[in-house]
Every structure is written in C-alpha cells, then in structure tokens.
Amino acid sequence: MYVAVKGGEAAILATHDLVAEERRGDPAVPELSVAQLREQMALAVARVMNEGSLFDEDLAALALKQSQGDAIEAAFLMRAYRTTLPRFGSSEPVDTAAMAIRRRISATYKDLPGGQVLGPTYDYTHRLFDFALAAEGGEVKIAPEAVAPLDRTMPRVPDILGAEGLMEPETPPEGDPRPFDLTRDPVEFPADRDVRLQTLARGDEGFLLGLAYSVQRGFGGNHPFAGEIRMGEVSVGFDVPELGFSIDLGEITLTECQMVNQFQGAKDVPPQFTRGYGLVFGHCERKAMSMAIVDRALKARQFGESADYPAQQEEFVLYHADNVEAAGFVEHLKLPHYVDFQGELELLRKIRREQEERAAANREAAE
Amino acid sequence: MSRADLPDPNEVRKRRLALLARADRAALERVFAGAGLPDHCVLKAEETGTVMVEGRAGGAGRRFNLGEATVTRCVVRVGDHMGVSYALGRDKRKARLVAVIDALMQDDAHRDALEAELLGPLEDALREARDRASRKAAATKVEFFTLVRGEG
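What counts and how
- Residues numbered from 1 in each chain as written.
- Chains lettered and ligands numbered in written order.
- Predicted model: local features only at pLDDT ≥ 70, side-chain atom pairs only at ≥ 80, totals over all residues.
- Heavy atoms only, no water.
- Helix = DSSP H or I, 4+ residues; strand = E, 2+ residues; numbered from the N terminus.
- Rg over C-alpha atoms; globule rule 2.2 N^0.38 Å.
- Buried < 20%, exposed > 50% of the residue type's maximum accessible area, 1.4 Å probe, protein only.
- Contact = heavy atoms within 4.5 Å.
- Areas by Shrake-Rupley, 256 points an atom, 1.4 Å probe, with all protein chains shown as cover.
- Lys, Arg positive; Asp, Glu negative; His and termini not counted.
- Charge placed at Lys NZ, Arg CZ, Asp CG, Glu CD.
- Salt bridge = Lys/Arg side-chain N within 4 Å of Asp/Glu carboxyl O.
- Polar contact = N/O pair within 3.5 Å; in protein donor to acceptor, adjacent residues only side chain to side chain.
- Nonpolar A, V, L, I, M, F, W, Y, C, P; charged D, E, K, R; others polar.
- Pairing = 2+ DSSP bridges.
- Disulfide = S-S within 2.5 Å.
- Axes fitted to C-alpha atoms, helices over the stretch in contact; angles between N-to-C directions.

A.B. asks: Any chance you could break down the overall build of chain A for me, citing the residues and the numbers?
C.D. replies: Along the backbone of chain A there are twelve helices and six strands. Its C-alpha radius of gyration of 26 Å places chain A more than 25% over the 21 Å reference for a compact globule of 367 residues. The dimensions of chain A, computed from C-alpha atoms along their principal axes, are 95 × 70 × 55 Å. For chain A, with 367 residues in total, the buried portion stands at 39%. Of the contacts formed within chain A by residues at least 6 apart in sequence, a portion of 64% connects residues at least 24 apart. Approximately 21,500 Å² of chain A is accessible, and the part contributed by carbon and sulfur atoms is 57%. Each charge sign in chain A was given a centre, from 38 positive and 60 negative side chains, and these centres are 3 Å apart.

A.B. asks: Outline the interface of chain B and chain A, supporting the account with residue identities and numerical values.
C.D. replies: With 54 residues of chain B in contact, the opposing surface of chain A contributes 78 residues. Linking chain B with chain A are eleven salt bridges, by the criterion used here. Its salt-bridge partner being Glu251(A), residue Arg22(B) comes within 2.9 Å of it at the nearest N-O pair. At the boundary of chain B and chain A, one finds 31 residue pairs in polar contact (both at pLDDT 80 or more). When the residues that make up the side of chain B that touches chain A are grouped by side-chain class, the tally is 23 nonpolar, 13 polar and 18 charged. By the bridge criterion, three bridges tie strand E2 (residues 87-90) of chain A to strand E1 (residues 41-56) of chain B in an arrangement that is parallel. Residue pairing for E1(B): Arg87(A) is matched across the bridge by Thr50(B).

A.B. asks: Which residues make up unusual backbone geometry, and what values do they have?
C.D. replies: All names here are of chain A. Here the bond from Phe189 into Pro190 is cis, since omega is 0 degrees, no more than 30 degrees from zero. The topology assignment puts Pro190 in the loop between helix H6 (157-163) and helix H7 (193-201). At Gln68, a position not held by glycine, the phi torsion is positive, near 55 degrees. Looking at the secondary structure, you find Gln68 in the loop between helix H4 (57-66) and helix H5 (71-82).

A.B. asks: Give me the lowdown on the state of the cysteines, citing residues and values where you can.
C.D. replies: Counted under the stated rule, the structure contains zero disulfides over all chains. We note that Cys284(A) lacks a disulfide partner, and the nearest cysteine sulfur, in Cys257(A), lies 12 Å from it.

A.B. asks: Lay out the pattern of salt bridges in plain terms, naming residues and giving numbers.
C.D. replies: Scanning the entire structure with this criterion turns up 51 salt bridges over all chains. A salt bridge links Arg96(B) to Glu46(B); the nearest nitrogen and oxygen atoms lie 2.8 Å apart. Of this pair, Arg96(B) sits in helix H3 (residues 92-104) while Glu46(B) sits in strand E1, and the two are 50 residues apart along the sequence. Look at the salt bridges and you will find they share partners, linking Arg82(A), Arg87(A), Asp181(A) and Glu68(B) into a network.

A.B. asks: Quick one: what's the story with the sheet that holds strand E3 (residues 100-105) of chain A, residue by residue and with numbers?
C.D. replies: All names here are of chain A. Reading across from one edge, E3-E4-E5-E6 is the order of the four strands in this open sheet, with antiparallel pairing throughout. Edge positions in the sheet fall to E3 and strand E6 (269-281), since each has one partner strand and no second. Ignoring which end each strand starts from, the neighbouring axes of this sheet average 30 degrees apart. Sheet topology note: the E3/strand E4 (residues 225-240) ladder contains five bridges and is antiparallel. From the neighbouring strand, Ala100 faces E4, where its bridge partner is Glu233. Together, E3, E4, strand E5 (245-266) and E6 form the strand contacts of helix H9 (residues 285-297), whose direction differs from that of E6 by roughly 145 degrees.

What follows is the structure, encoded as structure tokens:
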C-alpha cells in the first residue's frame with residue numbers, strides 16, 4: 001500500500017541551493033568552465049559518453065560539472081537528456097579499418113603493417129606525481145612530429161589471421177539485418193550478439209573490468225591476447241532523407257579492441273582462434289579491452305562451452321552491467337519506505353510475542 | 001567540357017557537406033560578415049536530435065548499436081535551390097548557416113567565390129590538422145632494434 005504523505009518541499013528546495021553551493025566549492029577559487037573540462041578531463045568525458053550512451057563531448061563535460069565529477073550521476077544526466085530528443089535514424093556502420101589512427105598497438109605481432117604506434121598513453125609512465133602540474137601556467141607542451149605521417153590505413157590484426165583461415169570469421173548474417181535496439185525493445189534471452197554488444201558498450205566500466213579480470217584469473221577459461229587496440233577518428237555516415245544519399249556528419253573518436261582467444265573447432269571446421277570485440281566512444285581503452293574479454297566469454301553457448309562462471313552467463317552480465325539502472329535500484333532504498341518498514345516491524349513484534357507466549361505456555365506445562 | 005567530364009553532383013555535395021560539418025561556426029559567420037544572410041525560406045527549422053551510431057562485431061561482422069550521437073539539422077530554400085545541413089553536435093546557428101551555404105553553392109553565381117573563400121581553405125586546414133595529428137602519432141611509432149652481443 002502506498003500512502004501519499006505531504007511535506008518536505010521546503011527541505012528539498014533548500015537542498016537544491018545547498019548542493020549548488022557545495023558544487024561551486026570555495027568561491028575564492030575560480031570556477032571551472034565546460035570547455036576546460038572537455039579539453040582537460042577528456043578521459044572522464046569519454047567515460048560519461050559511453051555510460052550515458054550519447055556522443056557529445058560538451059554535454060558530457062557539462063554533466064561532469066553539474067554532478068561534481070560523479071561519473072554515474074553524469075551518465076544519468078546524459079540518458080535523461082537523450083530521451084527528450086527525436087531520433088533522426090541510424091548511421092551507416094562505422095568503418096574502423098578507415099580510422100585516422102592516433103594509437104595502434106598489437107601484443108600478438110611485433111612487426112605488423114603500419115607498425116606499433118603508442119600514441120598518447122599512460123602505459124609507460126612511472127605513476128609518480130608530477131608536482132609541476134600543481135602549479136598553473138606551466139609551459140604548453142608541444143609533442144614532436146615525425147617527418148612522415150602514418151600509413152593511411154592499417155589492416156586490422158584479426159583480418160591478417162583471417163586471411164590465413166586461422167581466425168573465427170566475422171561476417172554479417174544473411175541480409176545484414178538491422179540491429180536490435182535495447183532503448184526501444186525489451187531484452188530477451190538467449191540474447192544475440194548485437195544485443196550483447198550494445199549492452200556492453202553502455203555498461204559500467206568497473207563492472208566489465210571486474211568480470212574481465214575474473215575471466216583472466218580462471219573464472220572463465222579463456223586466454224586472451226590483445227590482438228589489436230586502435231584509437232582515432234572515424235567518420236559517421238548517414239543517409240539523409242531530404243537528399244536520398246548518404247553524407248558524412250563529421251567524425252567521432254573511437255577505441256576498438258580485438259581480443260584473440262584460444263582455439264575452437266568442430267567436425268567440419270578446423271581449429272581456429274576465437275574473437276572478442278570491444279568498441280567504445282572516445283579514448284577509453286580499459287573499457288574496450290574489458291568489453292572484448294566479456295564479449296568472448298559470452299560466446300560460451302555458441303562454442304558449446306559450459307557456462308560455469310559469472311562472465312559467461314548472459315542474464316547475469318546483461319542485467320547487471322548498466323550502472324544507471326543498478327544505481328537507481330540500489331539508491332531507491334534511500335526513498336521513504338516508512339509503511340513497508342512499519343509492516344516488517346509489526347510482523348517482527350508479533351513473531352516475538354508469539355514465541356514468548358509459547359515459551360511461557362511450555363514453562364507452565366513443565367511446572 | 002562534355003557532360004561526362006562533369007563531376008557527379010552528389011559527390012560534389014557530399015564533399016561540401018562533409019567539410020561544412022567539420023567547420024567552426026565562426027568561419028561560416030565570416031562569409032556573411034558584410035551583407036548578412038541572404039533571403040531564404042526555412043523549410044525545416046533547426047532541430048537537434050540523435051543518430052544511432054552503428055558498429056560491426058569484429059569490425060566487419062554483424063551490425064550492433066554502439067550508442068547515439070547528437071545531430072542538428074536544418075533545411076532551407078534560397079531562390080530555386082534547397083540547402084541541407086546535417087552535422088554532429090547541437091549548434092543550431094551553424095546548421096542554418098551550412099544549409100544556406102549549401103543552397104548558395106548550387107547557384108553558379110556564388111559557387112566559385114564560396115569555393116575559393118570558404119571550402120578550399122577549410123579543406124586545406126583539415127588536411128593540415130590531420131597530417132599534423134598523424135605525424136605526432138608517427139613520432140610515437142616503435143622502431144625495434146636487435147642488440148648484437150659478444151664478438152661476431
């Protein structure tokens with residue numbers, strides 16, 4: 001039973017003012033601009049775009065400002081805003097082979113066409129504080145330029161293995177069907193690959209990282225190699241109804257990860273490496289790698305593997321990866337449950353009373 | 001020039017709209033700094049929405065929905081020509097400017113001037129920015145070498 005209880009309006013209005021003051025912090029310290037966040041907190045912006053499932057760097061920066069840097073609250077703002085916008089349609093599938101590459105590495109081939117391009121990465125830093133950053137107004141670092149640019153396109157590593165027939169092929173199903181959209185239709189199980197990949201792409205980075213780690217530690221039975229990680233800009237093509245042909249809407253930054261995993265074969269298929277795929281907005285490498293490992297783990301059914309571990313169980317993974325939903329359900333416990341709780345309290349008192357009465361009756365009978 | 005030598009008009013427009021989608025609003029405003037926007041009729045008012053960005057499993061396999069991106073569109077008419085703008089982001093003023101420029105560039109009277117003043121420089125600047133980003137990435141390319149040990 002729900003009983004409407006009035007009150008709290010003035011308290012809620014006051015908390016809005018208080019949170020605004022807290023968000024601003026010490027007014028003697030200059031206020032952050034959205035542009036500063038967009039430019040200087042780009043990895044946080046990428047995370048918010050992924051988990052908010054909306055590519056818009058300015059909006060993600062605003063969301064971070066408004067939420068005091070709470071990534072999940074920021075993702076929630078992105079999701080809520082998205083629901084207010086009309087959907088013009090779907091893009092053409094992005095072509096990551098044509099990416100304008102800024103980083104591209106492979107842990108499986110030392111010498112591969114296009115080379116190992118480290119790009120901007122924290123991988124080779126010593127994780128020691130740079131106290132010079134604590135002082136503002138330092139010099140603006142200009143990175144060196146090579147004489148020649150990178151190769152215009154670089155082959156994707158699984159395609160190299162695929163050409164030899166050593167890699168599980170990845171081809172569109174008959175008729176290249178439109179993908180399932182979980183923002184429009186409820187997820188059903190067993191879930192197809194398109195459902196799984198969409199869910200993982202918007203899933204919580206921490207949750208996917210934990211699952212990927214569990215797979216590596218033995219709760220999954222795959223042994224992944226980072227076949228390739230690439231990051232850079234990709235054009236978004238869209239068929240414009242007013243024109244009757246497709247145009248380029250601009251470019252977005254993407255990170256793609258291709259995990260190469262141990263073999264599978266069948267009576268009519270010789271043993272091949274198997275794939276896991278990760279694709280995310282912005283430079284978001286840990287998420288792309290985690291996604292690729294979990295994608296492979298979720299292929300357990302396809303390869304006839306027993307799904308003994310959490311990362312292989314699609315209902316468990318797909319139902320719990322979304323941090324906006326998860327936060328909503330966990331945090332709803334903060335809302336008033338006065339009546340529910342009164343019911344529990346009454347029940348507990350009744351049980352105890354009955355138990356005491358029974359004990360008293362037993363004592364009397366024994367005397 | 002025979003008709004067969006003329007570039008495909010759709011390709012011309014694709015190149016134009018791709019360049020304009022990447023342009024700064026300020027560069028577009030400068031085109032109209034003197035006389036202001038020409039008379040035009042708005043067929044579809046500026047509107048921000050989303051496009052669902054699709055990917056492919058493994059880069060080449062089954063299509064899946066990666067997530068949405070904000071897109072702003074606008075359709076105008078200038079004289080006899082319909083101008084269209086669809087570009088990533090939420091800049092409505094830019095959408096109007098691009099649609100007007102797209103219409104003007106279908107008109108022989110404006111095409112060459114806008115190509116010289118706007119599209120050409122935009123294309124050069126983009127090529128230069130891409131080249132610079134690529135050369136900065138190329139500076140981080142690993143050059144492997146083998147250490148030779150002992151006496152040969």
